[in-house]
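# Tertiary structure, described
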Amino acid sequence: MVKEKRLEGVADVQDYSDRRGMHIEIVVKRDANAQVVLNNLYKMTDMQVTFGAILLALDDGVPKIMNLKQILEKYILFQRDIIKRRTEFDLKKAQERAHILEGLAKAIDIVDEVIATIRACRGGQAEAKQAIMDKFGFDDPQASAIVAYRLGQLAGLEIEKIMNELDELHARIKDYTDILANPYRIDEIIKLESREIAEKFGDERRTEISAFTGDVDDEDLIPVEDCILTLTERGYMKRQTVDTYKAQNRGGKGIMGMSRREEDYAKTMFTCSTHDFILIFTNKGKVFKMKGYQIPEASRTSKGLNVVNLLPLEQGETVSAMVKIPEEEDRAYLCMVTRNGIIKRTAINQYDHIRKTGIIAINLDEGDELCWVDVTDGERKLVVATHDGMAICFNESDARLIGRTARGVKAIQLGEGDYVVGFAVAQDEKQLLTVSETGYGRKSEFSDYRVQSRAGKGLINYRTEQFGKVAMIAPVDDDNDVIMITTDGIVIRTHAEQISSFRRPSKGVKVMKVKENERLATLSIVDKYEEEEEFSAEEGETAEENTEE
């Protein structure tokens, strides 16, 4: 199948099978998803076989198709009947044996008279048996046993055995009678015998009972787990687990986030689940739809796979924004902001059906690019920040709902040479984090940004002449971590609570050491990851002394 190109993603197949068993090693291509390859092996080979089971059985002579519960109930009824008939059989045998022993015990008490009666008979055993039946009142089974009884068994020890066996039979008869009279006892016997069978013959289940019908989808064998999607400026994308980056103290130098080509750096990071639907927007205003697991997983230092191998992008087209499609029905809008300050608000259900080749998300002016996309509920306050330190806050309703392919409206009036560097949706429980290219940052309350009319110049957010240009803004709270990335590809992860709060337009505190020819390029907000810090105080190192891993 690999040679015929029916099984994709396999680089090599090595067969190490011998007399000890089957052993095949399958080497997966570097850019392939191993779980998808494994799933295709399950579907296309007999490595895993799925078969249907129709529980057709005779119920009182009538054929019926039953479900699992019904057939278990019928099995229990059958077991009850089995135990009842078995107990009745055992009870009858015990009563018959006890009846004979009772006759023997009675005969032993009058053994001299019984012997004399037998000796007086001139015929065979039949005459002797009839004689003791007539004289002592024994019935036929008892008389037959007495006649066949040997004189040697009249010793005291043999007589004691008879009496002990008789007592044991009386106890068993009582127990059998109680079982037949008490259905609860029958069910307890079923449980006991089932456990004994399980202990004697039980082993690990080799099959899985599932209600699934039809072909297996690619994602059925892929575990649901949180991950971080990373995108570089040159268009390399990868997926990692959330705990890849350990938290360090504020002001550290960070760890190497990925190997990179010269002048390439990570510009976008996004947290999602492997089974979430992701909307991927390009700078030219197109949108694609993928599952989280479809983005290849890579190591922390790997640059990942170029998006041109994942999406059918045009010449000069790059991915600029990614959002997770929400499950909540009240979060029903997509707000898009361009580099030149245009905002567009559209109902998210207009993007339900997206072709593999993508669809138009927004029509752009010449020279403009789509840079930010977020999900809103229609009642939020929106903040747009610029590279030169301006910011504007306005009500979401000021950006009227428009169609999927429309252009949008102006969000902020930009100064000469200025452009938008960040877009945030205001949240009561969060603060707005502003980070400069020089590695300084601060948190401010959203209330510091008074609501204005859309399309104005806005307020001063950061004094860039003194502190450096603004790199990015993002809403955070104490349950978040901030992952910051420089143009040299250095990554640091810091608890948001370690970044101090100041009023707009303060400088803030040092959040990351940035070299002279380096600048802080972008940041991502993820859930807090609780673990020992990369560098401990016991080792005598301060936050400022942290070195590159």
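See above for the structure.
To start, this report covers the structure provided alongside it. Keep in mind the model is a prediction, meaning the values are calculated, not measured. (Residues numbered from 1 in each chain as written. Predicted model: local features only at pLDDT ≥ 70, side-chain atom pairs only at ≥ 80, totals over all residues. Heavy atoms only, no water.)

### Notes on the overall build of the protein
Assigned secondary structure in the protein consists of eight helices and 28 strands. Of all 549 residues assigned to the protein, the portion counted as buried reaches 41%. Put simply, 73% of the contacts in the protein that link residues at least 6 apart link residues at least 24 apart. Working note: accessible area of the protein is about 31,300 Å², and carbon and sulfur atoms make up 48% of it. (Helix = DSSP H or I, 4+ residues; strand = E, 2+ residues; numbered from the N terminus. Buried < 20%, exposed > 50% of the residue type's maximum accessible area, 1.4 Å probe, protein only. Contact = heavy atoms within 4.5 Å. Areas by Shrake-Rupley, 256 points an atom, 1.4 Å probe, with all protein chains shown as cover.)

### Quick word on the side chain of Asp-418
Its place among the elements puts Asp-418 in the loop between strand S19 (409-410) and strand S20 (420-425). Here the side chain of Asp-418 touches Asp-388 through a polar contact of 3.0 Å, landing on its backbone nitrogen. (Polar contact = N/O pair within 3.5 Å; in protein donor to acceptor, adjacent residues only side chain to side chain.)

### Describing the packing of aromatic side chains
With the rule as written, the count across this model stands at two aromatic pairs. Seen from their ring centres, Phe-136 and Phe-138 are 6.3 Å apart, and the 55° between their planes marks the pair as tilted. On the basis of an interplanar angle of 65° and a centroid distance of 5.6 Å, the ring pair of Tyr-462 and Phe-467 is categorised as edge-to-face. No difference in accessibility class separates Tyr-462 from Phe-467, as the two residues are buried. Above the ring of Tyr-449, the side-chain terminus of Arg-504 is found at 5.9 Å from the ring centroid. (Phe/Tyr/Trp six-rings, centres within 6.5 Å; stacked < 30°, edge-to-face > 60°. Lys NZ or Arg CZ within 6 Å of the ring centre and 35° of its normal.)

### Things to note about the sheet that holds strand S22 (residues 440-445)
Read across the open sheet, the four strands follow the order S24-S21-S22-S27; overall the sheet is antiparallel. Strand pairing shows two members of the sheet lacking a second neighbour, strand S24 (470-476) and strand S27 (509-510), which therefore form its edges. Of the strand pairs in this sheet, S22 and S27 are connected by two bridges, and their pairing is antiparallel. Within S27, the residue paired with Tyr-440 across the bridge is Lys-510. (Pairing = 2+ DSSP bridges.)

### With respect to helix H1 (residues 34-44)
Within the span of H1, buried status applies to Val-36, Val-37, Asn-39, Asn-40 and Leu-41. Against strand S1 (10-15) and strand S2 (24-28) lie the buried residues of H1.

### Re the pattern of salt bridges
A complete count under the given rule lists 23 salt bridges for this structure. As a salt-bridge pair, Arg-239 and Glu-297 come within 3.9 Å of each other at their nearest N and O atoms. Separated by 58 residues along the polypeptide, Arg-239 in strand S6 (residues 236-241) and Glu-297 in the loop between strand S10 (286-291) and strand S11 (305-306) bring together distant segments of the chain. Owing to a relative accessible area of 6%, Arg-239 belongs among the buried residues under this scheme. (Salt bridge = Lys/Arg side-chain N within 4 Å of Asp/Glu carboxyl O.)

### Considering helix H4 (residues 125-136)
The end-to-end C-alpha distance of H4, which contains 12 residues, comes to 16 Å, matching closely the 16 Å that a straight helix rising 1.5 Å per residue would cover. The set of residues buried in H4 consists of Ala-128, Ile-132, Met-133 and Phe-136. One face of H4 carries all of its buried residues, which in axial projection span an arc of 135°. Exposed residues on H4 whose side chains face more than 90 degrees from its buried face are Ala-126 and Asp-134. On the buried face of H4, the contacting elements are helix H2 (68-109), helix H3 (111-120) and helix H5 (140-147). At the exit of H4 stands Gly-137, carrying a positive phi of roughly 85°. (Expected span 1.5 Å × (residues − 1). Arc of directions from axis to C-beta.)

### As for the nonpolar core
Nonpolar side chains tend to gather and get buried jointly when the protein is soluble and globular. Residues Ile-343, Val-384, Phe-423, Val-482, Met-484 and Leu-523 are the most contacted members of the largest nonpolar core, which totals 33 residues. With four residues, S24 is the largest single contributor of residues to this core. Ignoring any residue separated from it by four or fewer positions in sequence, one finds Leu-523 in contact with Leu-433, Val-435, Met-472, Ala-474, Val-482, Ile-483 and Met-484. Grouped together as the second largest cluster of nonpolar side chains are 22 residues, Met-133, Phe-136, Ala-145 and Leu-169 included. (Core = buried A, V, L, I, M, F, W, Y, C linked by side-chain atoms within 4.5 Å.)

### Notes on the packing of H2 against helix H6 (residues 156-181)
Where H2 meets H6, the closest approach of the two axes is 8 Å, and the angle between their N-to-C directions is 150°. In this view, H2 runs roughly antiparallel relative to H6, as classed from their interaxial angle. For the crossing formed where H2 meets H6, the hand is left-handed. (Axes fitted to C-alpha atoms, helices over the stretch in contact; angles between N-to-C directions. Parallel < 35°, antiparallel > 145°, perpendicular 65-115°, else oblique. Left-handed = near helix turned anticlockwise from the far one by under 90°.)

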